[in-house]
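Results of the structural survey
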Amino acid sequence: MAAQQPVRVDRERAALIVVDMQPDFMEGGALATVGGSEVVEPIGRLMAAGRFQHIAATQDWHPAGHISFASSHEGREPFEVIELYGHDQVLWPDHCVQGSTGAALHERLPWDRAAVIVRKGEDPAVDSYSGFRNNWNADGERPATGLAGYLRDRGVHDVFLCGLARDFCVKWSAEDAAEAGFNTYVLWDLTRPVDTSNDDGVRSDLTDAGVHVTDSVALA
Ligand SMILES: [Zn+2]
(Lines give C-alpha, C1' and ligand atoms only; values in the text may rest on other atoms or scores of the structure.)
Protein backbone atom coordinates (compact mmCIF):
# COMPACT_ATOMS: atom_id res chain seq x y z
CA MET A 1 0.00 0.00 0.00
CA ALA A 2 1.18 3.53 -0.75
CA ALA A 3 2.41 5.65 2.14
CA GLN A 4 -0.40 7.65 3.67
CA GLN A 5 -0.65 11.40 3.48
CA PRO A 6 0.11 12.86 6.89
CA VAL A 7 -3.02 14.17 8.64
CA ARG A 8 -2.42 17.13 10.93
CA VAL A 9 -4.45 17.07 14.12
CA ASP A 10 -5.42 20.54 15.28
CA ARG A 11 -5.62 19.69 18.98
CA GLU A 12 -8.15 22.39 19.90
CA ARG A 13 -10.53 21.71 17.04
CA ALA A 14 -10.30 17.93 16.79
CA ALA A 15 -12.19 15.24 18.68
CA LEU A 16 -11.37 11.58 19.03
CA ILE A 17 -14.52 9.44 19.15
CA VAL A 18 -13.97 6.01 20.68
CA VAL A 19 -16.81 3.74 19.56
CA ASP A 20 -18.20 0.84 21.61
CA MET A 21 -15.02 -0.47 23.23
CA GLN A 22 -16.94 -3.05 25.25
CA PRO A 23 -16.13 -6.70 26.05
CA ASP A 24 -19.19 -8.01 24.19
CA PHE A 25 -17.61 -6.83 20.92
CA MET A 26 -14.30 -8.58 21.62
CA GLU A 27 -13.20 -12.20 21.32
CA GLY A 28 -15.29 -14.34 23.66
CA GLY A 29 -17.98 -11.65 23.85
CA ALA A 30 -21.61 -11.99 22.85
CA LEU A 31 -21.12 -10.24 19.50
CA ALA A 32 -17.42 -10.54 18.82
CA THR A 33 -15.63 -8.64 16.10
CA VAL A 34 -12.62 -10.16 14.35
CA GLY A 35 -9.61 -9.18 16.48
CA GLY A 36 -11.37 -6.51 18.51
CA SER A 37 -9.07 -6.87 21.49
CA GLU A 38 -6.08 -5.97 19.31
CA VAL A 39 -7.12 -2.32 19.21
CA VAL A 40 -7.43 -1.86 22.99
CA GLU A 41 -3.78 -1.00 23.57
CA PRO A 42 -3.23 1.33 20.61
CA ILE A 43 -6.50 3.17 21.30
CA GLY A 44 -5.45 3.51 24.94
CA ARG A 45 -2.14 5.03 23.88
CA LEU A 46 -3.88 7.46 21.56
CA MET A 47 -6.34 8.51 24.28
CA ALA A 48 -3.49 9.06 26.73
CA ALA A 49 -1.16 10.85 24.32
CA GLY A 50 -2.73 14.28 24.73
CA ARG A 51 -3.04 14.70 20.97
CA PHE A 52 -6.79 15.41 21.23
CA GLN A 53 -8.23 17.99 23.57
CA HIS A 54 -11.67 16.49 23.09
CA ILE A 55 -12.37 12.80 23.55
CA ALA A 56 -15.87 11.35 23.36
CA ALA A 57 -16.93 7.73 23.63
CA THR A 58 -20.01 5.72 22.77
CA GLN A 59 -21.42 2.78 24.69
CA ASP A 60 -23.96 0.34 23.29
CA TRP A 61 -26.50 0.05 26.09
CA HIS A 62 -29.60 -2.03 25.49
CA PRO A 63 -32.45 -2.96 27.81
CA ALA A 64 -33.11 -6.72 28.04
CA GLY A 65 -35.48 -7.85 25.27
CA HIS A 66 -34.24 -5.14 22.88
CA ILE A 67 -35.79 -5.19 19.42
CA SER A 68 -32.39 -5.77 17.76
CA PHE A 69 -32.00 -9.11 19.54
CA ALA A 70 -32.94 -12.24 17.56
CA SER A 71 -34.25 -13.66 20.83
CA SER A 72 -36.95 -10.97 20.80
CA HIS A 73 -38.41 -12.34 17.55
CA GLU A 74 -40.17 -15.70 17.52
CA GLY A 75 -38.41 -18.25 15.32
CA ARG A 76 -35.53 -15.96 14.30
CA GLU A 77 -31.81 -16.65 14.53
CA PRO A 78 -28.93 -14.22 15.07
CA PHE A 79 -27.65 -12.52 11.90
CA GLU A 80 -30.92 -12.96 10.01
CA VAL A 81 -32.16 -9.72 8.47
CA ILE A 82 -35.74 -8.57 8.88
CA GLU A 83 -37.58 -5.45 7.79
CA LEU A 84 -38.19 -3.04 10.63
CA TYR A 85 -39.98 0.27 10.06
CA GLY A 86 -39.24 -0.06 6.34
CA HIS A 87 -35.49 -0.67 6.69
CA ASP A 88 -33.27 -3.72 6.99
CA GLN A 89 -32.55 -4.73 10.57
CA VAL A 90 -29.89 -7.32 11.34
CA LEU A 91 -30.96 -9.48 14.28
CA TRP A 92 -28.09 -9.76 16.73
CA PRO A 93 -27.26 -12.10 19.56
CA ASP A 94 -28.24 -10.53 22.90
CA HIS A 95 -25.39 -8.10 23.63
CA CYS A 96 -24.49 -5.05 25.71
CA VAL A 97 -27.42 -5.52 28.07
CA GLN A 98 -27.47 -2.61 30.51
CA GLY A 99 -25.45 -3.35 33.62
CA SER A 100 -23.90 -6.58 32.30
CA THR A 101 -20.15 -7.22 32.29
CA GLY A 102 -20.10 -7.36 28.49
CA ALA A 103 -21.62 -3.88 28.27
CA ALA A 104 -19.00 -2.22 30.46
CA LEU A 105 -16.47 0.20 29.02
CA HIS A 106 -13.27 -1.80 28.58
CA GLU A 107 -11.35 -1.76 31.84
CA ARG A 108 -7.96 -1.20 30.22
CA LEU A 109 -8.77 2.09 28.54
CA PRO A 110 -8.18 5.50 30.19
CA TRP A 111 -11.80 6.66 30.40
CA ASP A 112 -10.81 9.57 32.62
CA ARG A 113 -9.59 11.16 29.39
CA ALA A 114 -13.08 11.10 27.86
CA ALA A 115 -15.16 14.22 28.53
CA VAL A 116 -18.41 12.65 27.42
CA ILE A 117 -19.78 9.14 27.06
CA VAL A 118 -22.86 8.78 24.89
CA ARG A 119 -25.01 5.75 25.58
CA LYS A 120 -27.08 4.49 22.67
CA GLY A 121 -29.60 1.81 21.87
CA GLU A 122 -31.57 2.49 25.06
CA ASP A 123 -34.92 2.74 23.28
CA PRO A 124 -36.33 -0.81 23.47
CA ALA A 125 -37.95 -0.46 20.04
CA VAL A 126 -35.13 1.19 18.04
CA ASP A 127 -31.56 0.13 17.30
CA SER A 128 -28.71 2.62 17.29
CA TYR A 129 -25.48 1.93 15.47
CA SER A 130 -24.38 5.54 15.23
CA GLY A 131 -23.23 7.64 18.16
CA PHE A 132 -24.94 10.63 16.53
CA ARG A 133 -28.42 9.38 15.65
CA ASN A 134 -30.54 6.31 16.35
CA ASN A 135 -31.53 4.02 13.50
CA TRP A 136 -35.01 4.68 12.08
CA ASN A 137 -37.95 4.61 14.45
CA ALA A 138 -41.61 3.84 13.75
CA ASP A 139 -42.10 7.45 12.55
CA GLY A 140 -39.32 7.05 9.97
CA GLU A 141 -37.06 9.39 11.90
CA ARG A 142 -33.56 9.01 13.25
CA PRO A 143 -33.53 11.00 16.51
CA ALA A 144 -30.26 12.70 17.43
CA THR A 145 -28.27 11.69 20.52
CA GLY A 146 -26.97 15.22 21.05
CA LEU A 147 -23.35 14.36 20.27
CA ALA A 148 -23.18 16.62 17.20
CA GLY A 149 -24.44 19.58 19.22
CA TYR A 150 -22.03 18.84 22.02
CA LEU A 151 -19.06 18.74 19.67
CA ARG A 152 -20.13 21.94 17.89
CA ASP A 153 -20.53 23.74 21.21
CA ARG A 154 -17.00 22.70 22.09
CA GLY A 155 -15.65 24.19 18.85
CA VAL A 156 -14.86 20.86 17.23
CA HIS A 157 -14.50 20.80 13.44
CA ASP A 158 -12.59 17.59 12.82
CA VAL A 159 -13.58 14.17 14.19
CA PHE A 160 -11.46 11.03 14.20
CA LEU A 161 -13.20 7.71 14.83
CA CYS A 162 -11.83 4.43 16.12
CA GLY A 163 -13.29 1.39 17.86
CA LEU A 164 -15.88 -1.30 17.11
CA ALA A 165 -17.37 -2.45 14.94
CA ARG A 166 -15.83 -1.11 11.75
CA ASP A 167 -18.73 -2.29 9.55
CA PHE A 168 -21.58 -1.09 11.75
CA CYS A 169 -21.20 1.41 14.58
CA VAL A 170 -17.96 3.04 13.40
CA LYS A 171 -19.23 3.25 9.82
CA TRP A 172 -22.63 4.68 10.72
CA SER A 173 -21.11 7.14 13.21
CA ALA A 174 -18.61 8.35 10.61
CA GLU A 175 -21.25 8.77 7.91
CA ASP A 176 -23.45 10.74 10.31
CA ALA A 177 -20.51 12.90 11.42
CA ALA A 178 -19.73 13.78 7.81
CA GLU A 179 -23.39 14.51 7.11
CA ALA A 180 -23.51 16.75 10.19
CA GLY A 181 -20.71 18.81 8.66
CA PHE A 182 -17.65 17.57 10.53
CA ASN A 183 -14.43 16.93 8.66
CA THR A 184 -14.40 13.22 9.39
CA TYR A 185 -11.65 10.61 9.52
CA VAL A 186 -11.81 6.90 10.28
CA LEU A 187 -8.60 5.50 11.77
CA TRP A 188 -8.96 2.19 9.93
CA ASP A 189 -6.13 0.38 11.77
CA LEU A 190 -7.86 1.12 15.09
CA THR A 191 -11.13 -0.55 14.05
CA ARG A 192 -12.16 -4.19 13.61
CA PRO A 193 -15.22 -5.60 11.80
CA VAL A 194 -17.91 -8.12 12.63
CA ASP A 195 -17.35 -9.52 9.13
CA THR A 196 -14.08 -8.95 7.24
CA SER A 197 -15.85 -9.59 3.94
CA ASN A 198 -17.56 -6.22 4.46
CA ASP A 199 -14.24 -4.32 4.39
CA ASP A 200 -14.15 -3.28 0.71
CA GLY A 201 -17.77 -2.15 0.79
CA VAL A 202 -17.26 -0.24 4.05
CA ARG A 203 -14.24 1.56 2.64
CA SER A 204 -16.08 2.62 -0.51
CA ASP A 205 -19.24 3.62 1.40
CA LEU A 206 -17.15 5.80 3.71
CA THR A 207 -15.31 7.43 0.83
CA ASP A 208 -18.61 8.03 -0.99
CA ALA A 209 -19.94 9.72 2.18
CA GLY A 210 -16.98 12.11 2.19
CA VAL A 211 -15.21 10.38 5.08
CA HIS A 212 -11.41 10.22 4.96
CA VAL A 213 -10.11 6.72 5.60
CA THR A 214 -6.64 6.79 7.10
CA ASP A 215 -4.49 5.07 9.71
CA SER A 216 -3.26 6.22 13.10
CA VAL A 217 0.35 6.24 11.87
CA ALA A 218 -0.59 9.08 9.49
CA LEU A 219 -1.51 11.42 12.37
CA ALA A 220 0.96 14.28 12.57
ZN1 LIG B 1 -26.29 -3.07 19.89
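Residues numbered from 1 in each chain as written. Predicted model: local features only at pLDDT ≥ 70, side-chain atom pairs only at ≥ 80, totals over all residues. Heavy atoms only, no water.

1. Brief notes about the sheet that holds strand 5 (residues 116–120)
Reading across from one edge, 5-2-1-6-7-8 is the order of the six strands in this open sheet, with parallel pairing throughout. Only two strands of the sheet have a single neighbouring strand rather than two, namely strand 5 and strand 8 (212–214). Each adjacent strand pair in this sheet contributes to an overall mean axis angle of 25°, direction not counted. Direction of pairing for strand 2 (residues 54–60) relative to strand 5: parallel, over a ladder of five bridges. (Pairing = 2+ DSSP bridges. Helix = DSSP H or I, 4+ residues; strand = E, 2+ residues; numbered from the N terminus. Axes fitted to C-alpha atoms, helices over the stretch in contact; angles between N-to-C directions.)

2. Digging into the coordination of the zinc ion
D60 (OD), H62 (NE2) and H95 (NE2) make up the full set of protein donors to the zinc ion, lying at 2.0 to 2.1 Å. When the donor residues of the zinc ion are listed from N- to C-terminus, their spacing reads D-x1-H-x32-H. Taking relative accessible area as the criterion, D60 reaches 2% and is therefore assigned buried. (Donors = N, O, S within 2.8 Å, 3.2 Å for Na, K, Ca; no water. Buried < 20%, exposed > 50% of the residue type's maximum accessible area, 1.4 Å probe, protein only.)

3. Things to note about the nonpolar core
Among the nonpolar cores identified, the biggest contains 63 residues, and L16, V18, M21 and F160 are the most heavily contacted of them. It is helix 3 (residues 166–179) that contributes the most residues to this core, seven residues altogether. Leave out the neighbours within four places in its chain, and F160 touches V7, V9, A14, A15, L16, I17, F52, Y185, L187 and L219. (Core = buried A, V, L, I, M, F, W, Y, C linked by side-chain atoms within 4.5 Å. Contact = heavy atoms within 4.5 Å.)

4. Thoughts on the packing of aromatic side chains
Under the counting rule described, the total for this entry stands at nine aromatic pairs. Ring centres of Y129 and F168 lie 5.5 Å apart, and the angle between their planes is 65°; this geometry places the pair in the edge-to-face category. Of this pair, Y129 sits in the loop between strand 5 and helix 2 (147–153) while F168 sits in helix 3, and the two are 39 residues apart along the sequence. Residue classification places F168 among the buried positions, given a relative accessible area of 18%. Ring centres of F132 and F182 lie 6.2 Å apart, and the angle between their planes is 40°; on these two criteria the pair is classed as tilted. Of this pair, F132 sits in the loop between strand 5 and helix 2 while F182 is found in the loop between helix 3 and strand 7 (183–192), placing the two residues 50 residues apart along the sequence. (Phe/Tyr/Trp six-rings, centres within 6.5 Å; stacked < 30°, edge-to-face > 60°.)

5. A closer look at helix 1 (residues 40–48)
Looking only at helix 1, the buried set comprises V40, I43, G44, L46 and M47. Across the axial projection of helix 1, the buried residues extend over an arc of 165°, all falling on one side. With its phi angle positive at about 80°, G50 sits one or two positions after the end of helix 1. (Arc of directions from axis to C-beta.)

6. Remarks on the side chain of D24
With respect to the helices, strands and loops of the structure, D24 is situated in the loop between strand 1 (14–19) and helix 1. Despite being buried, D24 has no salt bridge partner; K120 is the closest side chain of opposite charge, sitting 12 Å away. Sequence-distant contacts of D24, defined by excluding residues within four places in its chain, comprise G29, A30, L31, A32, H95, C96, G102 and A103. (Lys, Arg positive; Asp, Glu negative; His and termini not counted. Salt bridge = Lys/Arg side-chain N within 4 Å of Asp/Glu carboxyl O.)

7. Considerations on helix 4 (residues 199–208)
Among the residues of helix 4, those classed as buried are D199, V202 and L206. Axial view of helix 4: buried residues confined to an arc of 60°, hence all on one face. Of the exposed residues in helix 4, those oriented more than 90 degrees away from the buried face are D200 and D208. Tucked into the core, helix 4 has its buried residues touching helix 3, strand 7 and strand 8. Trailing helix 4 by a residue or two, G210 shows a phi angle of about 85°, which is positive.

8. Details of the pairing of strand 4 (residues 87–90)
The sheet contact formed by strand 3 (residues 81–84) and strand 4 spans four bridges and is antiparallel. Within the sheet, the bridge partner assigned to V81 lies in strand 4 and is V90. Where strand 3 folds back on strand 4, the antiparallel hairpin that results is connected by two residues, among which Y85 adopts a positive phi of roughly 50°.

Interpretation note: all reported values are geometric properties and have no functional meaning in isolation.
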